[in-house]
Amino acid sequence: MTKTFDFQTYLADGRKKVEDRLKLVFDQERPALHASLYEAMSYSVLNGGKRLRALLCLASAQACKKYSVSRDKTDDQIEEMVMPLACALEMVHAMSLIHDDLPCLDNDELRRGKPTNHRVFGEAMALLAGDGLLVFANEYLIGESLEKVLPQDLLAVSHGLSRALGPTGMVGGQVLDMSNTGSADGQLDLVVLENIHNGKTGALIRFCLWGGARAIGADELRLSAMARFGEILGLAFQITDDLLDVTGDAASLGKTPGKDAQSNKATFVRLLGLDGARNKLEMLHKEGSSVLSRALDQNEQQILSNLLDYAINRIN
Ligand code: GRG
């Protein structure tokens, strides 16, 4: 009898696996860390969230298995190969949220329905907790993957992660965002807006998909398909974020909606209107599905396709 696939169960199971592993890692590190640093780091990394980045990375690896040097491994072995990367992704993501919420950047009070890191631990500790998470993510990724991932794949993954986060990735996107906020009266052109988000949010999401496939030694065709799918999903994710800032509520979002309009920020909704933003999402959805269908069999596409739907239709 064929088992029907239930995406909600998949999401819940996947999140639990990632969270259990993160908890284990931080429990193991706890004795070596100053108590206040441990509290501040674990507050943000073990504080829920959708775990989308980790799930994208795990799903990409499973989808590309047949086209990789790891094709003879079981699904569990593939999961073990990429779980360190999936956890490292959640660490760097948590780091970026801590720093983004600081008074010198977005000055936010609420994150994942709880007070932001600096509201609980103070600005100096929040800064250091972010620093700690960023550096520990790479330490953990390399240390845990050495025995599981081929050296050339691990080097490429670690390099790709640094690039996604660095001056041409997340940091660069944040700087572009800062340098355009306030001065443009919310009227940036679409190209600049896409450049901001491709760096700030998109580069890491693209890396999640590419990196999961790279860690298991996938072939070039799958690597470029995953990279392109990641770009599409990353942009769709950001447009949905802009829509949620207008249509969402604080209880579901776990953060304050309406901040974009309040700070006169350029967003996809502002530039395209609600319908225009929704139309763009529809186009991206079609393009994402076609990238998947050109690179993968039907059954290999299923979870990634569901994750794209989820990135677009989520309520938080
Ligand atoms: C990487 C060195 C380094 C510095 C970071 C602060 C900063 C520089 C960049 C800001 C990047 C940032 C926070 C972008 C916003 C991304 C975004 C939309 C986050 C929300 O992601 P979700 O919805 O969050 O996946 P959950 O809570 O579900 O995990």
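The coordinates are above.
Let us look at the pattern of salt bridges. With the rule as written, the count across this model stands at 25 salt bridges. E80 is paired through a salt bridge with K148; the nearest N and O atoms lie 3.4 Å apart. You can see E80 sitting in helix 4 (residues 75–101) and its partner K148 sitting in the loop between helix 6 (123–145) and helix 7 (151–165), a full 68 residues away along the chain. Judged by relative accessible area, which is 30%, E80 ranks as partly exposed. On the accessibility criterion, K148 (28% relative accessible area) is partly exposed. As a salt-bridge pair, R278 and D275 come within 4.0 Å of each other at their nearest N and O atoms. Separated by three residues within a single helix, R278 and D275 lie in helix 13 (residues 268–295), roughly one turn from each other. Assessed through its relative accessible area of 40%, R278 is described here as partly exposed. Taken together, the shared-partner salt bridges in this structure form one network comprising R21, E80, E144 and K148.

Along the polypeptide, E39 turns up in helix 2 (residues 35–45). For E39, a relative accessible area of 37% translates into the label partly exposed. The sequence separation of E39 and V192 amounts to 153 residues, and the corresponding C-alpha distance is 38 Å. Those residues in contact with E39 that sit more than four places away from it in its chain are R30 and F121.

We now examine the site of the ligand. In the vicinity of the ligand, 19 residues are found, and the nearest of them are K50, R53, H93, R112 and Q174. Between the ligand and R112, the relevant distance is 2.8 Å, taken from an oxygen atom to a side-chain nitrogen or oxygen of the residue. Within the complex, the protein chains bury 88% of what would otherwise be the 750 Å² of accessible surface of the ligand. Mapped by element, the contributors of at least two residues to the shell around the ligand are helix 4, helix 8 (170–180) and helix 10 (220–247). The biggest single contributor to the shell around the ligand is helix 4, with six residues. Classifying every residue of the shell around the ligand by side-chain character gives eight nonpolar, five polar and six charged.

Quick look at the state of the cysteines now. The final tally for this structure, using the stated rule, is zero disulfides. Just so you know, C208 is unpaired, no disulfide at all, and the nearest cysteine sulfur is the one on C57, 6.5 Å from it.

Rules used throughout
Residues numbered from 1 in each chain as written. Predicted model: local features only at pLDDT ≥ 70, side-chain atom pairs only at ≥ 80, totals over all residues. Heavy atoms only, no water. Salt bridge = Lys/Arg side-chain N within 4 Å of Asp/Glu carboxyl O. Helix = DSSP H or I, 4+ residues; strand = E, 2+ residues; numbered from the N terminus. Buried < 20%, exposed > 50% of the residue type's maximum accessible area, 1.4 Å probe, protein only. Contact = heavy atoms within 4.5 Å. Near = heavy atom within 4 Å. Polar contact = N/O pair within 3.5 Å; in protein donor to acceptor, adjacent residues only side chain to side chain. Areas by Shrake-Rupley, 256 points an atom, 1.4 Å probe, with all protein chains shown as cover. Nonpolar A, V, L, I, M, F, W, Y, C, P; charged D, E, K, R; others polar. Disulfide = S-S within 2.5 Å.

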